[in-house]
Amino acid sequence: AQTVTQSQPEMSVQEAETVTLSCTYDTSESNYYLFWYKQPPSRQMILVIRQEAYKQQNATENRFSVNFQKAAKSFSLKISDSQLGDTAMYFCASSNAGGTSYGKLTFGQGTILTVHP
Amino acid sequence: NAGVTQTPKFRVLKTGQSMTLLCAQDMNHEYMYWYRQDPGMGLRLIHYSVGEGTTAKGEVPDGYNVSRLKKQNFLLGLESAAPSQTSVYFCASYGGAIDTQYFGPGTRLTVL
(Lines give C-alpha, C1' and ligand atoms only; values in the text may rest on other atoms or scores of the structure.)
Protein backbone atom coordinates (compact mmCIF):
# COMPACT_ATOMS: atom_id res chain seq x y z
CA ALA A 1 0.00 0.00 0.00
CA GLN A 2 1.09 3.52 -0.68
CA THR A 3 1.07 6.37 1.81
CA VAL A 4 1.53 10.08 1.17
CA THR A 5 2.26 12.60 3.91
CA GLN A 6 2.11 16.39 3.78
CA SER A 7 3.40 17.78 7.04
CA GLN A 8 2.55 21.45 6.42
CA PRO A 9 -1.18 22.09 7.00
CA GLU A 10 -0.82 25.75 6.03
CA MET A 11 1.75 27.95 4.31
CA SER A 12 1.81 31.58 3.33
CA VAL A 13 3.96 33.61 0.96
CA GLN A 14 4.18 37.14 -0.34
CA GLU A 15 3.29 37.81 -3.93
CA ALA A 16 6.30 37.40 -6.30
CA GLU A 17 8.25 35.32 -3.78
CA THR A 18 9.08 31.62 -3.87
CA VAL A 19 7.54 28.94 -1.69
CA THR A 20 8.18 25.22 -1.33
CA LEU A 21 5.57 22.67 -0.28
CA SER A 22 6.78 19.39 1.19
CA CYS A 23 5.61 15.85 0.53
CA THR A 24 6.94 12.45 1.51
CA TYR A 25 5.64 9.13 0.31
CA ASP A 26 6.12 5.45 0.84
CA THR A 27 5.70 2.66 -1.69
CA SER A 28 7.11 -0.80 -2.30
CA GLU A 29 6.73 -0.44 -6.06
CA SER A 30 9.68 0.24 -8.32
CA ASN A 31 7.71 2.22 -10.88
CA TYR A 32 5.16 4.83 -9.92
CA TYR A 33 3.96 8.34 -10.62
CA LEU A 34 3.84 11.38 -8.35
CA PHE A 35 1.52 14.33 -8.76
CA TRP A 36 0.70 17.73 -7.35
CA TYR A 37 -2.91 18.84 -7.64
CA LYS A 38 -4.26 22.32 -6.92
CA GLN A 39 -7.72 22.86 -5.49
CA PRO A 40 -8.81 26.53 -5.52
CA PRO A 41 -11.93 27.74 -3.70
CA SER A 42 -13.96 26.67 -6.73
CA ARG A 43 -13.26 23.09 -5.56
CA GLN A 44 -12.05 21.93 -8.98
CA MET A 45 -9.06 19.56 -8.85
CA ILE A 46 -6.39 20.83 -11.25
CA LEU A 47 -3.26 18.89 -12.17
CA VAL A 48 -0.21 21.08 -11.55
CA ILE A 49 2.68 18.75 -12.31
CA ARG A 50 3.47 15.07 -12.81
CA GLN A 51 6.68 13.11 -12.24
CA GLU A 52 7.49 9.61 -13.43
CA ALA A 53 9.62 7.82 -10.86
CA TYR A 54 11.97 6.25 -13.40
CA LYS A 55 12.92 9.69 -14.75
CA GLN A 56 15.73 11.31 -12.81
CA GLN A 57 15.12 14.75 -14.24
CA ASN A 58 12.82 16.90 -12.13
CA ALA A 59 9.58 17.93 -13.82
CA THR A 60 8.88 21.60 -14.48
CA GLU A 61 5.79 23.46 -15.68
CA ASN A 62 6.34 27.19 -16.08
CA ARG A 63 6.58 28.60 -12.51
CA PHE A 64 6.12 25.19 -10.92
CA SER A 65 8.93 22.70 -10.41
CA VAL A 66 9.56 19.69 -8.23
CA ASN A 67 12.50 18.38 -6.25
CA PHE A 68 12.21 14.60 -6.56
CA GLN A 69 14.50 12.73 -4.18
CA LYS A 70 13.79 9.06 -4.88
CA ALA A 71 16.04 7.57 -2.21
CA ALA A 72 14.57 9.85 0.45
CA LYS A 73 11.03 9.35 -0.94
CA SER A 74 10.55 13.07 -1.03
CA PHE A 75 8.63 15.08 -3.63
CA SER A 76 8.46 18.82 -2.93
CA LEU A 77 6.78 21.48 -5.06
CA LYS A 78 8.44 24.85 -5.66
CA ILE A 79 6.30 27.75 -6.81
CA SER A 80 8.31 30.69 -8.15
CA ASP A 81 7.05 34.25 -8.58
CA SER A 82 3.93 33.46 -6.54
CA GLN A 83 0.71 34.99 -7.77
CA LEU A 84 -2.57 35.71 -5.98
CA GLY A 85 -4.21 33.06 -8.15
CA ASP A 86 -1.94 30.43 -6.62
CA THR A 87 -3.93 30.65 -3.39
CA ALA A 88 -5.43 27.17 -3.01
CA MET A 89 -5.20 23.81 -1.31
CA TYR A 90 -2.38 21.71 -2.77
CA PHE A 91 -2.45 17.92 -2.71
CA CYS A 92 0.44 15.58 -3.25
CA ALA A 93 -0.58 12.19 -4.68
CA SER A 94 0.98 8.96 -5.90
CA SER A 95 -0.06 6.16 -8.20
CA ASN A 96 1.53 2.85 -9.04
CA ALA A 97 2.32 2.37 -12.70
CA GLY A 98 0.84 -0.45 -14.72
CA GLY A 99 -0.31 -3.86 -13.51
CA THR A 100 -3.38 -3.87 -11.33
CA SER A 101 -2.92 -0.32 -10.11
CA TYR A 102 -5.49 0.95 -12.61
CA GLY A 103 -4.33 4.50 -12.02
CA LYS A 104 -5.65 4.67 -8.45
CA LEU A 105 -4.42 7.74 -6.60
CA THR A 106 -3.35 7.96 -2.96
CA PHE A 107 -3.53 11.51 -1.63
CA GLY A 108 -1.83 13.41 1.15
CA GLN A 109 -3.78 15.52 3.60
CA GLY A 110 -3.23 18.75 1.71
CA THR A 111 -1.49 22.08 2.33
CA ILE A 112 -3.42 25.34 2.27
CA LEU A 113 -1.31 27.98 0.52
CA THR A 114 -2.19 31.65 0.88
CA VAL A 115 -0.47 34.25 -1.30
CA HIS A 116 -0.53 37.73 0.23
CA PRO A 117 -0.37 40.93 -1.86
CA ASN B 1 -15.77 18.24 -25.05
CA ALA B 2 -17.14 18.63 -21.48
CA GLY B 3 -14.58 16.34 -19.79
CA VAL B 4 -15.98 14.91 -16.55
CA THR B 5 -19.34 16.14 -15.30
CA GLN B 6 -21.20 15.38 -12.07
CA THR B 7 -24.86 15.64 -11.19
CA PRO B 8 -26.03 17.15 -8.86
CA LYS B 9 -23.60 19.81 -7.57
CA PHE B 10 -25.27 20.10 -4.17
CA ARG B 11 -27.69 17.91 -2.23
CA VAL B 12 -29.13 17.79 1.27
CA LEU B 13 -30.52 14.48 2.53
CA LYS B 14 -32.13 13.31 5.72
CA THR B 15 -30.73 10.30 7.52
CA GLY B 16 -32.03 7.12 5.92
CA GLN B 17 -32.83 8.61 2.54
CA SER B 18 -31.29 7.26 -0.63
CA MET B 19 -29.78 8.98 -3.63
CA THR B 20 -27.64 8.42 -6.70
CA LEU B 21 -24.79 10.60 -7.91
CA LEU B 22 -24.13 10.54 -11.63
CA CYS B 23 -20.73 10.91 -13.25
CA ALA B 24 -20.30 11.21 -16.99
CA GLN B 25 -17.16 11.49 -19.13
CA ASP B 26 -16.81 12.07 -22.85
CA MET B 27 -13.12 11.17 -23.21
CA ASN B 28 -13.68 7.45 -23.87
CA HIS B 29 -11.68 6.52 -20.75
CA GLU B 30 -11.83 2.95 -19.48
CA TYR B 31 -11.13 3.71 -15.84
CA MET B 32 -13.39 5.73 -13.57
CA TYR B 33 -13.32 6.47 -9.84
CA TRP B 34 -15.33 7.87 -6.96
CA TYR B 35 -13.52 9.71 -4.15
CA ARG B 36 -14.72 11.48 -1.06
CA GLN B 37 -13.01 14.53 0.46
CA ASP B 38 -13.25 15.26 4.16
CA PRO B 39 -11.51 18.10 6.03
CA GLY B 40 -7.93 17.27 6.95
CA MET B 41 -7.98 13.90 5.21
CA GLY B 42 -7.40 14.55 1.52
CA LEU B 43 -9.30 12.45 -1.01
CA ARG B 44 -10.03 8.79 -0.35
CA LEU B 45 -11.07 6.22 -2.94
CA ILE B 46 -14.56 4.77 -2.48
CA HIS B 47 -15.01 2.54 -5.56
CA TYR B 48 -13.57 2.33 -9.01
CA SER B 49 -14.22 0.70 -12.37
CA VAL B 50 -11.76 -0.59 -14.96
CA GLY B 51 -14.33 -0.92 -17.72
CA GLU B 52 -17.98 -1.16 -18.63
CA GLY B 53 -19.75 -3.68 -16.41
CA THR B 54 -16.94 -3.87 -13.82
CA THR B 55 -16.64 -2.35 -10.35
CA ALA B 56 -14.23 -2.78 -7.43
CA LYS B 57 -13.89 -1.55 -3.85
CA GLY B 58 -11.51 1.18 -2.87
CA GLU B 59 -10.33 2.32 0.54
CA VAL B 60 -13.69 3.36 2.05
CA PRO B 61 -16.48 1.42 0.27
CA ASP B 62 -18.89 0.78 3.16
CA GLY B 63 -22.33 2.34 2.74
CA TYR B 64 -21.93 2.90 -1.00
CA ASN B 65 -22.75 0.97 -4.15
CA VAL B 66 -21.72 1.68 -7.73
CA SER B 67 -22.65 0.66 -11.24
CA ARG B 68 -21.02 1.08 -14.66
CA LEU B 69 -23.64 0.02 -17.16
CA LYS B 70 -22.28 2.30 -19.87
CA LYS B 71 -18.65 3.15 -20.47
CA GLN B 72 -19.24 6.87 -20.18
CA ASN B 73 -21.24 6.76 -16.92
CA PHE B 74 -20.33 5.78 -13.37
CA LEU B 75 -23.05 5.94 -10.71
CA LEU B 76 -22.54 6.16 -6.95
CA GLY B 77 -25.46 5.17 -4.76
CA LEU B 78 -26.24 5.70 -1.10
CA GLU B 79 -28.99 3.31 -0.03
CA SER B 80 -29.50 4.68 3.49
CA ALA B 81 -27.65 7.93 4.04
CA ALA B 82 -25.90 8.59 7.36
CA PRO B 83 -24.45 11.85 8.76
CA SER B 84 -20.96 10.30 8.42
CA GLN B 85 -21.45 10.43 4.65
CA THR B 86 -21.57 14.21 4.68
CA SER B 87 -18.68 15.03 2.37
CA VAL B 88 -17.63 16.35 -1.01
CA TYR B 89 -17.68 13.62 -3.65
CA PHE B 90 -15.42 13.67 -6.69
CA CYS B 91 -15.60 11.54 -9.78
CA ALA B 92 -12.55 11.06 -11.99
CA SER B 93 -11.61 9.24 -15.15
CA TYR B 94 -8.18 8.08 -16.20
CA GLY B 95 -6.40 8.15 -19.49
CA GLY B 96 -5.26 10.59 -22.09
CA ALA B 97 -1.89 11.44 -23.53
CA ILE B 98 -0.25 12.05 -20.15
CA ASP B 99 -1.83 9.09 -18.35
CA THR B 100 -3.45 10.95 -15.52
CA GLN B 101 -6.79 11.43 -13.80
CA TYR B 102 -9.28 14.07 -14.81
CA PHE B 103 -11.67 15.20 -12.10
CA GLY B 104 -15.27 16.37 -12.14
CA PRO B 105 -16.33 19.54 -10.30
CA GLY B 106 -17.49 17.68 -7.19
CA THR B 107 -20.80 17.22 -5.37
CA ARG B 108 -21.31 18.62 -1.89
CA LEU B 109 -23.58 16.26 0.06
CA THR B 110 -24.97 17.05 3.48
CA VAL B 111 -26.81 14.40 5.49
CA LEU B 112 -28.86 15.76 8.38
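Predicted model only: the values in this text are computed from it and were never measured. (Residues numbered from 1 in each chain as written. Chains lettered and ligands numbered in written order. Predicted model: local features only at pLDDT ≥ 70, side-chain atom pairs only at ≥ 80, totals over all residues. Heavy atoms only, no water.)

Considerations on the interface of chain B and chain A
Contacts between the two partners involve 26 residues from chain B, matched on the other side by 17 residues from chain A. Around 1800 Å² of area is buried between chain B and chain A when both sides are counted, 55% of it from carbon and sulfur atoms. Interface area lost by chain B to chain A is led by Leu 43, Tyr 48 and Phe 103 of chain B, which between them contribute 24%. Between the two partners, chain B and chain A, sit zero salt bridges. Taken together, chain B and chain A are joined by nine residue pairs in polar contact (both at pLDDT 80 or more). (Contact = heavy atoms within 4.5 Å. Buried area = accessible area lost by both parts, 1.4 Å probe. Salt bridge = Lys/Arg side-chain N within 4 Å of Asp/Glu carboxyl O. Polar contact = N/O pair within 3.5 Å; in protein donor to acceptor, adjacent residues only side chain to side chain.)

A few points about the nonpolar core
Membership of the largest hydrophobic core comes to 24 residues, with the highest contact counts inside it found for Trp 36, Phe 75, Leu 77 and Tyr 90 of chain A. For this core, the elements supplying multiple residues, two or more each, are strand E3 (19–21), strand E5 (32–39), strand E6 (46–52), strand E8 (64–69), strand E9 (74–79), strand E10 (88–96) and strand E12 (111–116) of chain A. Core analysis: the next-biggest nonpolar cluster, separate from the first, contains 19 residues, Val 60, Val 66, Leu 78 and Tyr 89 of chain B among them. (Core = buried A, V, L, I, M, F, W, Y, C linked by side-chain atoms within 4.5 Å. Buried < 20%, exposed > 50% of the residue type's maximum accessible area, 1.4 Å probe, protein only. Helix = DSSP H or I, 4+ residues; strand = E, 2+ residues; numbered from the N terminus.)

Some remarks on the packing of aromatic side chains
Here the structure, examined in full by the defined rule, presents 15 aromatic pairs over all chains. Ring plane angle 85° and centroid distance 6.3 Å describe the contact between Phe 68 of chain A and Phe 75 of chain A, whose orientation is recorded as edge-to-face. With a relative accessible area of 0%, Phe 75 of chain A lands in the buried category. Joined through ring pairs, the aromatic side chains of Tyr 33, Phe 35, Tyr 37, Phe 91 and Phe 107 of chain A together with Tyr 33, Tyr 35, Phe 90 and Phe 103 of chain B make up one cluster. The ring of Tyr 33 of chain A has Arg 50 of chain A lying over it, and the distance from NZ or CZ to the ring centre is 4.4 Å. (Phe/Tyr/Trp six-rings, centres within 6.5 Å; stacked < 30°, edge-to-face > 60°. Lys NZ or Arg CZ within 6 Å of the ring centre and 35° of its normal.)

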